[in-house]
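# Coordinate inspection notes
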Amino acid sequence: MSKTTAVQAPQQGRTVAIITMFFIFAMISFVTNMAAPFGNIWGFRYEWAGMAGNLMNFTAYLFMGIPAGNMLIRYGYKKTALIALAVGAIGLTIQLLSSYVGNDVVVYGEGSSATTLNLFIYLLGALVCGFCVCMLNTVVNPMLNLLGGGGNKGNQLVQMGGSLNSLSGTLTPMLVGVLVGTLTRETTMATVAPLVITGIVIFVAAFIVISFIKIEEPQKNLSKATYEHSPFSFRHCTLGVIAIFFYVGVEIGIPGEMNAWISRMPFEGAAAVAGSLAALYWLLMLVGRIVSSAISGKVSTRLQLIVVSSIALAFLLTAILLPESVTFNSPSIPALNITSGLVPMKCLFLFLCGLCTSVMWGGIFNLATEGLGKYTAKASGLFMTMVVGGGIMPFIQDWIARTTGDYVSSYWLVFAMVGYIFFYALVGCRNVNTDIPVDDINEDQVLNAG
């Protein structure tokens with residue numbers, strides 16, 4: 001059977017599988033993008049905790065990435081997704097409990113520096129949610145790539161799913177900002193309880209729906225395969241794993257640090273303004289992914305990655321060097337009770353980076369797994385492990401901001417990470433290991449998904 005015949009597989013099962021993966025893509029962003037604005041709540045009370053929830057969320061990838069890839073091989077896409085959804089509901093429930101349990105139990109410290117148990121309950125919930133999104137990411141990326149047949153078409157499906165991911169990411173920080181309004185030391189997780197409860201309900205509903213959906217397993221024969229090499233045997237995959245580590249640090253660090261900065265500006269409703277501007281970043285990611293999904297069938301993934309990484313470098317340099325005295329009035333949204341605030345213009349250039357980062361995840365994943373054949377699932381597990389960069393690098397960036405007293409200087413770290421992604425797109429993504437056999441599993445069986 002030729003590849004062309006494989007791509008012409010029955011469309012009904014394929015369509016259901018694609019829609020299911022799109023929905024999961026949106027849930028990943030919903031959970032992940034709660035971490036930074038929730039961190040503002042805790043960071044206002046405990047200075048070190050601003051990015052701690054985000055760190056816990058992404059640290060989960062370090063421990064769960066490879067096991068999640070192995071789960072994909074052993075249990076398949078559907079069972080892995082169901083386990084992930086159940087874990088997500090548990091994680092959000094633990095975060096919700098942090099508002100009601102341990103408020104008066106001091107773990108260490110005394111006086112204004114005392115840290116109470118409820119913060120650590122929240123961090124446990126953030127870690128559990130991290131396990132959830134790691135497993136979901138392990139499912140959705142390779143399956144969409146395979147359903148599209150790999151190459152530019154595979155990247156096109158990943159970018160389309162990413163569009164829903166960005167839409168969810170746009171709404172989450174905005175809704176948190178509206179619920180919080182203005183941060184004070186008395187603000188707790190109870191303030192955002194409606195959003196957390198909504199997330200729990202969505203996870204439970206998704207579990208029920210997916211339980212009744214038949215999903216064909218595109219890699220169901222991989223558990224019988226033999227692996228003479230590892231994904232690290234492929235140079236372009238190894239460099240791509242590093243690129244993903246830096247990319248997630250960029251994606252989370254840009255809006256996360258700006259959210260923290262703007263939330264502390266001295267005007268009424270600063271947290272709501274910060275949330276709306278963070279939403280602008282994710283909205284621009286949505287726009288970028290829609291554009292990419294429209295052109296990915298004709299424009300190569302490598303060219304897209306080269307263009308967006310170079311533009312992102314220009315935006316970041318402009319934002320860092322632009323005087324802080326140059327300001328603009330942020331848009332007001334009366335329907336959501338969001339007022340206008342005077343914000344440095346450099347924030348606008350940082351949020352414009354969303355247009356560029358929108359393409360990077362799918363592009364890096366697509367280039368790094370191209371030609372891996374039966375090693376794709378194991379590579380996906382490695383990619384999920386390196387998503388820990390979304391916790392480590394923003395935590396370092398936040399430490400730089402707090403140590404120097406200058407939020408903007410921390411963006412030199414982001415500039416360096418984007419510089420590496422530009423290098424990967426230009427040179428590092430070339431597959432020089434074409435002599436390694438990867439076709440022990442009939443590739444047509446892999447492509448004939450659904």
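Above this text you will find the structure in question.
What you see is a predicted model, and the numbers here were worked out from it, not measured in a lab. (Residues numbered from 1 in each chain as written. Predicted model: local features only at pLDDT ≥ 70, side-chain atom pairs only at ≥ 80, totals over all residues. Heavy atoms only, no water.)

## What to know about the overall build of the protein chain
Each helix and strand counted, the protein chain has 16 helices and four strands in total. The burial tally for the protein chain puts 59% of its 450 residues in the buried class. For the protein chain, contacts bridging at least 24 residues in sequence account for 84% of all contacts bridging at least 6. For the protein chain, the exposed area adds up to about 17,000 Å²; of that, 67% sits on carbon and sulfur atoms. (Helix = DSSP H or I, 4+ residues; strand = E, 2+ residues; numbered from the N terminus. Buried < 20%, exposed > 50% of the residue type's maximum accessible area, 1.4 Å probe, protein only. Contact = heavy atoms within 4.5 Å. Areas by Shrake-Rupley, 256 points an atom, 1.4 Å probe, with all protein chains shown as cover.)

## Section: the environment of F315
Within the secondary structure, F315 sits in helix α10 (residues 301-321). On a C-alpha basis, the gap between F315 and F349 in space is 5.6 Å, while along the polypeptide they are 34 residues apart.

## Topic: the pattern of salt bridges
Across all of its chains, the model carries one salt bridge by this definition. Between R402 and D398 there is a salt bridge, with the nearest N and O atoms lying 3.1 Å from each other. Of this pair, R402 and D398 both sit in helix α14 (residues 389-404), four residues apart, roughly one helical turn. (Salt bridge = Lys/Arg side-chain N within 4 Å of Asp/Glu carboxyl O.)

## Some thoughts on the packing of helix α3 (residues 35-45) against helix α8 (residues 235-263)
Remark: α3 packs on α8, axes separated minimally by 9 Å, with the N-to-C direction vectors making an angle of 35°. Handedness of the crossing formed by α3 with α8: right-handed. Contact residues: α3 offers A36, P37 and N40, while α8 offers G256, N259, A260 and S263. Tallied by class, the residues present in the contact of α3 with α8 amount to three nonpolar, four polar and no charged. (Axes fitted to C-alpha atoms, helices over the stretch in contact; angles between N-to-C directions. Left-handed = near helix turned anticlockwise from the far one by under 90°. Nonpolar A, V, L, I, M, F, W, Y, C, P; charged D, E, K, R; others polar.)

## Some words on the side chain of Q397
In this fold, Q397 is placed in helix α14. Its relative accessible area of 0% is what places Q397 among the buried residues. Only 3.3 Å separates the side chain of Q397 from the side chain of S410, close enough to count as a polar contact. When sequence neighbours within four positions are dropped, the list of residues in contact with Q397 reads G253, E257, S410, Y411, L413 and V414. (Polar contact = N/O pair within 3.5 Å; in protein donor to acceptor, adjacent residues only side chain to side chain.)

## A short note on helix α4 (residues 52-97)
Compared with an ideal rise of 1.5 Å per residue, which puts 46 residues at 68 Å, α4 spans 18 Å between its outermost C-alpha atoms and falls more than 12% short. G76 marks where α4 bends most, by close to 115°. (Expected span 1.5 Å × (residues − 1). Bend = angle between axes of the 7 residues up to and from the residue.)

## Concerning the packing of α4 against helix α7 (residues 193-211)
The N-to-C vectors of α4 and α7 enclose an angle of 160°; their axes lie 9 Å apart at closest approach. Judged by the inter-axis angle, α4 sits roughly antiparallel to α7. In the packing of α4 onto α7, the handedness of the crossing is left-handed. Within the contact between the two elements, α4 uses K78, L82, L85, A86, G88, A89, L92, T93 and L96 and α7 uses A193, V196, I197, G199, I200, F203, V204, A206, F207, I210 and S211. (Parallel < 35°, antiparallel > 145°, perpendicular 65-115°, else oblique.)

## Section: the nonpolar core
Membership of the largest hydrophobic core comes to 131 residues, with the highest contact counts inside it found for M360, I364 and Y424. Apart from residues lying up to four places away in sequence, Y424 is in contact with H236, L239, G240, A243, L305, I364, L367, A368 and C429. (Core = buried A, V, L, I, M, F, W, Y, C linked by side-chain atoms within 4.5 Å.)

## Description of the environment of F25
Residue placement: F25 occurs in helix α2 (residues 11-32). The class of F25 is buried, set by a relative accessible area of 4%. Separated by 137 residues in the primary sequence, F25 and G162 have C-alpha atoms spaced 6.6 Å apart.

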